Structures are given as structure tokens and as C-alpha cells.
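Here is what each chain is made of, one letter per residue.
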Amino acid sequence: MSMAVMNMVQSINLALREEMDRDPSVVCLGEDVGVDGGVFRVTEGLLERFGKERMIDTPLAESAIVGTAIGMAMGGLRPVAEIQFMGFIYPAYQQLVSHAARMRNRTRGKISLPIVIRTPYGAGVKALEHHSESTEAVFCHIPGLKVVAPSTPLEAKGLLTSSIRDPDPVLFLEPTRSYRSLKEEVPEGEYLIPLGKARKVREGKDVTIVGWGAMMPVIQKAVDSLEKEGVSPDVLDMRTLSPMDHASIIESVKRTGRCVVVHEAPRNCGLGAEISARIMERALLSLQAPVERVTAPDITVPLPKGEHYYYISPERVVNGVKRAMSF
């Protein structure tokens, strides 16, 4: 298998191209995905390769995009729909929750909906509020809807390929901050990463650090600093947020006795709370300190000049680990 160095935009484009080459039922739709190649140029070049019947530019109507994708999937296609930013997805919430996530149960397994909803998410690029949101917990609460958040170009390709082949709807969250900031070798050709399984980023013994998506490079910088101070972190990239690989978290916490969860979503009812609750239920007697959460504050994403007060920094992660270590 040949390898090529690429960023996340390129690796997602490669995954889409290879799956569309492999399976003629895979189609893409969304605002500007065809002629313009997407707002971040993720789908650039695909219109020329596959034509307007498989690369479909839609009106600015998120509910219609997802509703159309549902109809396509019921008709035998595998649609990949793009929502330009996560903060624009709320008009489509009713379609996702009332129909996409329930169709398998509603029809008692007769109909499944192999849909992928791709959307950039998260702050760190100095965009306005709806362009910088991280509201993954809202969707992880919905039975029947899988939620995936890659952290690197390699992860993005493997997870997107698996998401497209999955028989059920997947919300695929692409960290805007990481689109072009990271490069690594990515295989050209079939490459899949199974959904629902976390990735061990670093083996350690003192504290478990849990994160996903755009937080992983931030955590990496924090870990580099912590190791210089003699702290050995065990780092997990969750990859799939629903269903989440809680077993890997529990196994790690039972070894380290401490846990720090890092997410850029607001603190209240974020996934850090669910992770903390699972640890309390299944590893309470192994804990040597309360679970620490390093999160955004419970406010709307501020205007660009105030973003650095809102966004998670490596220093905040380091401080969270130190609180856990000093308890």
C-alpha cells in the first residue's frame, strides 16, 4: 500500500473519492459541495470526477439536506451530506432525531439508513459563534445515531471510510482547527478504523487523559510538558463519541487512579460528565482523586478577540492534571 503525506482536508477528500470509486451508490450532497468544492474545499475535484448526479449542490436548507439524504438512503443510496458548520445543523435536528436515528427501530430492522452527515466543528479559527461550536453531547444523547470525531489525517480517512460503510446514520465531526494544521502519512487504498474503539495515544501510569478531535494536539503539548516534570500520562483518543469505548477508559483509570477529561464543549452536561459518571459506577474504588474536567465555560463562543479566553490551552490541561495529582 502506497503512502502519501497529507493534511486532513486531503485525507477526507481521498476517502470520499475512493469510496465513490468503489461503490456507485455513494453520493455527496450539501451547500457548495460541487462547483465550489465545499466551504473548506474538502470536496474539491469530485464534481469533475463523478458528475453532478453524484455531487449535488443543494439550497441553503439544512433540514432539506438531511431529509433528502434520508430519502436517498431509503431508496438504496449511501448519501454523504455536508453541513457547512456544526452551528448550522440545528434546523436538521428534527430530521436526525425523529427520522434518521429511529428508522431501524421504527421499521423493526426492515430499513436502515446508511447516511453520513459531515460537518466542521469547534473553535480555534477565530470565527463567529455558529462557526465555532462544539455541541457533540446534544447528539450523543440520541439512540440510533453514531457520532465520530477524528483527530488526525490518518484517523479521518479510516474513520470516514468505516462511517460510509456503516449501515446506520453517522454524524462525522471534522475539527476545523485541524483541517490544515496537521500532516502525516496516509495510505492510498482501502484503510478502515473500526467505529466504537478508542486509540491509545500514549502509555502511562500516573493519570489518564481522555480527549478527542481538536483537543488531541492540545493534549499532546500538555503531555510533553508534564513528562518533563516526571508525570507519566496515559492518553486516550476516543475517536467515536457514541457509542463510546468506556471499557478502555475504565481499564486505564483502574491502572492510574486518576482521570482528566478534556473537551472544548461547555462544561454543563458535556461528555466529561458522562465519562465521570461511568468511572464512578465502575472504578470508584480505584480512584485516588476526583475526575477533573478541563472544558470551555458555559457561555456562547465569544467574538474572535475573546476566543483565547474561551479555548482550551495546553496550560489549562497541565493545570487540570496537577490538580488531580495533588489531591
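Preceding block: the structure.
Rules used throughout
Residues numbered from 1 in each chain as written. Predicted model: local features only at pLDDT ≥ 70, side-chain atom pairs only at ≥ 80, totals over all residues. Heavy atoms only, no water. Helix = DSSP H or I, 4+ residues; strand = E, 2+ residues; numbered from the N terminus. Expected span 1.5 Å × (residues − 1). Buried < 20%, exposed > 50% of the residue type's maximum accessible area, 1.4 Å probe, protein only. Arc of directions from axis to C-beta. Axes fitted to C-alpha atoms, helices over the stretch in contact; angles between N-to-C directions. Parallel < 35°, antiparallel > 145°, perpendicular 65-115°, else oblique. Left-handed = near helix turned anticlockwise from the far one by under 90°. Contact = heavy atoms within 4.5 Å. Nonpolar A, V, L, I, M, F, W, Y, C, P; charged D, E, K, R; others polar. Pairing = 2+ DSSP bridges. 1 Å grid on protein atoms, 1.4 Å probe; cavity = no way out; pocket = protein on both sides within 12 Å on 5 of 7 lines; lining within 4 Å. Points joined across faces, edges and corners; volume = space filled by probe spheres on them. Domains from an automatic or database assignment.

Caption draft 1: Looking closely at helix α3 (residues 62–74). Its 13 residues give α3 an end-to-end C-alpha distance of 19 Å, which sits within 8% of 18 Å, the value for a rise of 1.5 Å per residue. Within α3, burial applies to Glu-62, Ile-65, Val-66, Ala-69, Ile-70, Met-72 and Ala-73. Buried positions in α3, seen along its axis, are confined to an arc of 165° and lie on one side of it.

Caption draft 2: Geometry of the packing of helix α8 (residues 215–228) against helix α12 (residues 314–326). As a packed pair, α8 and α12 sit with axes 8 Å apart at the nearest point and diverge in direction by 55°. When the axis of α8 is compared with that of α12, the two are oblique. In the packing of α8 onto α12, the handedness of the crossing is right-handed. Residue-level inspection shows Val-218, Lys-221, Ala-222, Ser-225 and Leu-226 of α8 in contact with α12, the latter providing Pro-314, Val-317, Val-318 and Val-321. Looking at the contact of α8 with α12, its residues break down into seven nonpolar, one polar and one charged.

Caption draft 3: Here's a closer look at the sheet that holds strand β13 (residues 259–266). Read from one edge to the other, the open sheet built from five strands follows the order β9-β11-β10-β13-β14, with strand pairing classed as mixed. At either margin of the open sheet sits one strand with a lone partner, and together these are β9 (199–202) and β14 (292–296). Averaged over all pairs of adjacent strands, the angle between their axes in this sheet comes to 25°, without regard to strand direction. Where strand β10 (residues 207–211) meets β13, three bridges bridge the pair, whose relative direction is parallel. Bridged to Ile-209 within β13 is Val-260. Along the sheet, helix α10 (residues 271–283) makes contact with β10, β13 and β14, crossing β13 at roughly 155°. Against the sheet, α12 contacts β10, β13 and β14, and its axis sits at roughly 160° relative to β14.

Caption draft 4: Inspection of the layout of surface pockets at higher detail. In this model, the largest pocket occupies a volume close to 240 Å³. Taken together, 13 residues make up the lining of the largest pocket; nearest its centre are Ala-137, Cys-140, His-141, Leu-271 and Glu-274. Listing elements by their share of the lining of the largest pocket, those giving two or more residues are α6 (136–140), β12 (240–242) and α10. Looking at the lining of the largest pocket, the element that brings in the most residues is α10, giving three residues. Of the residues contributing to the lining of the largest pocket, the split by class is seven nonpolar, four polar and two charged. Among the domains, domain 1 (3–187) and domain 2 (199–325) are the pair contributing at least three residues each to the lining of the largest pocket. Volume-wise, the second largest pocket comes out at about 160 Å³. Forming the walls of the second largest pocket are Arg-177, Ser-178, Ser-181, Leu-182, Ala-214, Pro-217, Val-218, Lys-221, Tyr-311, Ile-312, Ser-313 and Pro-314.

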